[in-house]
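# Reading the structure
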Amino acid sequence: MYIVPEREIGALMTRASAFDAVEKVFAAMASGEAYNFPVIREAIGHEEALYGFKGGFDRAGLSLGLKAGGYWPNNLQKHGEINHQSTVFLFDPDTGKVAAMVGGNLLTALRTAAASSVSIAHLARKDAKVMGMVGAGHQATFQLRAALEQRSFEKVIGWNYHPEMLPNIEKVANEAGLPFEAVPLDGMREADVIVSITSAFAPSLMAAHVSPGTHLACMGTDTKGKQEVDAALLAAATVFTDEIAQSVSIGEAQHAIAQNLMTEADIHQIGAVINGTHPGRKSADEITLFDGTGVGLQDLAVAAAVVDLAIEKGIAIKVDV
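In short, a report on the structure. (Residues numbered from 1 in each chain as written. Predicted model: local features only at pLDDT ≥ 70, side-chain atom pairs only at ≥ 80, totals over all residues. Heavy atoms only, no water.)

### So, the pairing of strand β7 (residues 98-103)
- Bridge analysis of strand β1 (residues 2-4) against β7 gives 3 bridges, and the strand direction is parallel. Looking at β7, one finds that Tyr-2 is bridged to Ala-100.
- Here strand β6 (residues 84-91) pairs with β7 via 5 bridges, running antiparallel. The residue of β7 that forms the bridge with Phe-89 is Met-101.
- Taking the residues between adjacent antiparallel strands as the criterion, β6 and β7 are bridged by 6 residues, where Gly-96 takes a positive phi near 85 degrees. (Pairing = 2+ DSSP bridges. Helix = DSSP H or I, 4+ residues; strand = E, 2+ residues; numbered from the N terminus.)

Here is the structure:
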């Protein structure tokens, strides 16, 4: 098998490559060529950690495997490590033998940002000018960099539960040559695109905070009970997602469905827009919302691309198992 250490990922996987890999796997999911396995995600009762597994099989790309990992909220403070920790394992679909082990931390950040940027590319208004960020943690910087590449934005606005963290995203905006403004939540009405990336269990962004024509990418809800946005906001929007089964069980849609504000039939796969079997945005006033729950196939797609590059560049470490 091949090992690609975490330290090598930054030199191998670009935002453009992550976007391409995620876009292709979303399209394969919508066409039935790829499918995800049921997610396992548990509170382990130690260090307040959430740990689990996401996997799947892509017949088109011949990617089979899983990502193991989760969220250790005390890591940064106690150990100087990032809170999200993960490793991707790939298997040979012809034999079942393990093929590769790939550091998954940076890959997770890049594939999550790629997912929201794919949704912006396909669903946001072409004339979008103001980029809004709800959340300013480690992942928010990846989200913002990827999002800013999808439209000709002129300004970034941001809100965070802890305002002292807003310089994280202000720096990214300034690096892109854009002004940044910290706003209250009702200031998000100025935004044409909003990415929410928090780990909240209660909504912060409400329907009254969002203007007609906005595209939202809700990227933080990936566990039962989590919630970033008002359920009424989903009811007012055309909702898209990576995986419908996850959207209704661990994504934002879990709350809107529980309140009988929408049904599973109201949710569409983003891959259908990519494939052209769903028209996507239908009007300039339509609110579109992408419920990004994070699927194992995203991890497999970017990991497979990294392994190929690492072998090509002689960076992959070959070991016997």
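### Here we look at the nonpolar core
- Formed by 66 residues in total, the largest nonpolar core has its most connected members in Val-4, Phe-26, Val-102 and Met-131.
- Beyond its immediate stretch of four places on either side in the chain, Phe-26 contacts Ala-115, Val-118, Asp-242, Ile-270, Gly-271, Ile-274, Phe-290, Val-295 and Gln-298. (Core = buried A, V, L, I, M, F, W, Y, C linked by side-chain atoms within 4.5 Å. Buried < 20%, exposed > 50% of the residue type's maximum accessible area, 1.4 Å probe, protein only. Contact = heavy atoms within 4.5 Å.)

### Looking at the pairing of strand β8 (residues 130-134)
- Extensive coverage of β8 is indicated by the burial of 5 of its 5 residues.
- Covered by surrounding structure in β8 are Val-130, Gly-132 and Val-134 together with Met-131 and Met-133, the residues of both alternating faces.
- Bridge count between β8 and strand β9 (residues 155-159): 5 bridges; the pairing is parallel. By the bridge assignment for β9, Val-134 is matched with Trp-159.
- The parallel pair β8 and β9 is bridged by helix α5 (residues 138-148), and the resulting crossover is right-handed.
- Bridging between β8 and strand β11 (residues 193-196) involves 4 bridges; their strand directions are parallel. Paired with Val-134 across the bridge in β11 is Ser-196. (Right-handed = clockwise from strand over helix to strand, strands pointing away.)

### Digging into the pattern of salt bridges
- A complete count under the given rule lists 14 salt bridges for this structure.
- The residue Asp-127 makes a salt bridge to Arg-125 at a minimum N-O spacing of 2.9 Å. (Salt bridge = Lys/Arg side-chain N within 4 Å of Asp/Glu carboxyl O.)

### Some thoughts on α5
- Within α5, 9 of the 11 residues are buried, which leaves the element mostly enclosed by the surrounding structure.
- Taken together, the buried positions of α5 are occupied by Gln-139, Ala-140, Thr-141, Phe-142, Gln-143, Leu-144, Ala-146, Ala-147 and Leu-148.
- Among the structural elements, α2 (15-30), α4 (105-123), β8, β9, α6 (167-175) and β11 are those in contact with the buried residues of α5.

### Description of the packing of aromatic side chains
- Considering all chains together, one arrives at 5 aromatic pairs under this definition.
- With a centroid separation of 6.0 Å and an interplanar angle of 75 degrees, the aromatic rings of Tyr-51 and Trp-72 are classed as edge-to-face. Taken as a pair, Tyr-51 in strand β4 (residues 50-58) and Trp-72 in the loop between β5 (63-71) and α3 (75-79) lie far apart in primary sequence, 21 residues in all.
- By relative accessible area, Tyr-51 is classed as partly exposed at 30%.
- Taken together, the ring pairs in this structure connect Tyr-51, Phe-53 and Trp-72 into an aromatic cluster. (Phe/Tyr/Trp six-rings, centres within 6.5 Å; stacked < 30°, edge-to-face > 60°.)

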